Amino acid sequence: MKIVVKESYADMSWAAAEDFLAIASSYERPLVCLPSGHTPILFCKYLRDHYLSTGTKPNWDFIGLDEWVGVPHSEKGSCRHFFDEHLFIPLGITEDRFSFFDGMAPDIEMEKRKAEEIIDSHGGLDIAVLGIGANGHLGFNEPGSDPTLRTQVIELEAITLHSGQSYFLGPKDMPTKGLTLGLGTLLSTSHVLLIANGKHKADIIAKTVNGPVGNDIPASLMREHPACTLYLDRDASGKL
Ligand code: PGA
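Residues numbered from 1 in each chain as written. Predicted model: local features only at pLDDT ≥ 70, side-chain atom pairs only at ≥ 80, totals over all residues. Heavy atoms only, no water.

Novice: What's the story with the site of the ligand in this structure? I'm lost.
Specialist: Around the ligand, the surrounding shell consists of Gly37, His38, Thr39, Pro40, Gly131, Ile132, Gly133, His137, Tyr167 and Lys201. Between the ligand and the protein, one listed contact pairs an oxygen atom with a backbone N or O atom of histidine 38 at 2.9 Å. At 2.5 Å from an oxygen atom of the ligand is found a side-chain nitrogen or oxygen belonging to tyrosine 167. Protein chains bury 85% of the 280 Å² of accessible surface belonging to the ligand in isolation. (Near = heavy atom within 4 Å. Polar contact = N/O pair within 3.5 Å; in protein donor to acceptor, adjacent residues only side chain to side chain. Areas by Shrake-Rupley, 256 points an atom, 1.4 Å probe, with all protein chains shown as cover.)

Novice: What am I meant to see in the sheet that holds strand 3 (residues 61–63) here?
Specialist: Pairing between the strands of a sheet is mediated by backbone hydrogen bonds and can be parallel or antiparallel. Read from one edge of the open sheet, seven strands run 1-10-9-6-2-3-5, paired in parallel fashion. Looking at which strands have only one partner, the edges of the open sheet turn out to be strand 1 (2–6) and strand 5 (98–99). (Pairing = 2+ DSSP bridges. Helix = DSSP H or I, 4+ residues; strand = E, 2+ residues; numbered from the N terminus.)

Novice: I'm lost on helix 2 (residues 41–54) in this one. Help?
Specialist: Given 3.6 residues per turn, any residue in an α-helix points the same way as the ones three and four places further on. Between its first and last C-alpha, helix 2 extends 20 Å over 14 residues, near the 20 Å set by a 1.5 Å rise per residue. Those residues of helix 2 that sit buried are Leu42, Phe43, Cys44, Tyr46, Leu47, Arg48 and Tyr51. Here the buried face of helix 2 lies against helix 1 (9–25), helix 3 (79–91) and strand 6 (127–131). Phi turns positive, to about 65°, at glycine 55, one or two residues after helix 2. (Expected span 1.5 Å × (residues − 1). Buried < 20%, exposed > 50% of the residue type's maximum accessible area, 1.4 Å probe, protein only. Contact = heavy atoms within 4.5 Å.)

Novice: Any chance you could explain the packing of helix 1 against helix 2 here in plain terms?
Specialist: A packed helix pair is summarised by two numbers, namely the angle formed by the two axes and the spacing between the axes. At a minimum axis separation of 8 Å, helix 1 and helix 2 run at an interaxial angle of 50°. It follows that helix 1 is oblique to helix 2 by the angle criterion. The two elements helix 1 and helix 2 cross, and the hand of that crossing is right-handed. Each of Tyr9, Ala10, Ser13, Trp14, Ala16, Ala17, Phe20 and Leu21 in helix 1 lies in contact with helix 2, whose residues at this interface are Ile41, Leu42, Phe43, Tyr46, Leu47, His50 and Tyr51. Among the residues forming the contact of helix 1 with helix 2, the class breakdown is 13 nonpolar, two polar and no charged. (Axes fitted to C-alpha atoms, helices over the stretch in contact; angles between N-to-C directions. Parallel < 35°, antiparallel > 145°, perpendicular 65-115°, else oblique. Left-handed = near helix turned anticlockwise from the far one by under 90°. Nonpolar A, V, L, I, M, F, W, Y, C, P; charged D, E, K, R; others polar.)

Novice: Would you take a moment to explain the environment of threonine 189 for this structure?
Specialist: When you line up the elements, threonine 189 lands in the loop between helix 6 (183–187) and strand 9 (191–196). With a relative accessible area of 2%, threonine 189 lands in the buried category. Here the alpha-carbon distance between threonine 189 and leucine 138, two residues 51 residues apart in the chain, equals 13 Å. Excluding anything up to four places from it in sequence, threonine 189 contacts Leu125, Asp126, Ile127, Ala128 and His225.

Novice: Explanation requested: the sheet that holds strand 4 (residues 66–68) in the structure shown.
Specialist: Across the sheet, three strands lie side by side as 4-8-7; this open sheet has antiparallel pairing. Edge positions in the sheet fall to strand 4 and strand 7 (151–155), since each has one partner strand and no second. In this sheet, neighbouring strand axes are inclined to one another by 15° on average, regardless of whether the strands run parallel or antiparallel. Of the strand pairs in this sheet, strand 7 and strand 8 (residues 177–181) are connected by five bridges, and their pairing is antiparallel. Paired with threonine 151 across the strands is leucine 181, a residue of strand 8.

The structure is reproduced here in structure tokens:
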């Protein structure tokens, strides 16, 4: 795993966005997944600025990384809503270019199959940009997740629910389950960019980079990925 440390959140977001754009431009029409949450807000802004200032449209198709089970995509706090707000609506990305887990779908197994079929029909996922949760999760792959699964529905840990509260408007009865692309899918993606910023991520980054490789800290598994770069700001790298 290559590690890039930048002085600030802005610099680290820009470095990751530049790398993403360069990799994406080496493909004709890559399939990508991007993270929602606090970390990728500036990363998404830089993508937006790039496409708007150059008058170009993204050349990628997008597949949703994860979603809260029981949350509609219209609700602020849903993973899909994040992309509507930060990328899809501002860039005019239409529904034929993205797919997303539907957290309200009556048949969750079908949602998993649909995502797997999209990835299969593309011949695999080309680029995954991923945040790192306070417990080391990737997407909603919580500690202990089976590293071979292509998708999964999972019971979320208290720490994930706690940090997830801040994505929603006001107090929220948090959903307890998440739908996510699985570690098997993420580990077999051609290019992986991990992003993390802030002092509150320093402990989990130290475990990710220097602890044992294993699914106790899902992000640590990326140390064995052949083309993974971890982008950090100075604060997140503070305990390396
Ligand atoms: P955050 O979430 O960007 O809001 O810190 C990261 C994650 O849980 O993957």
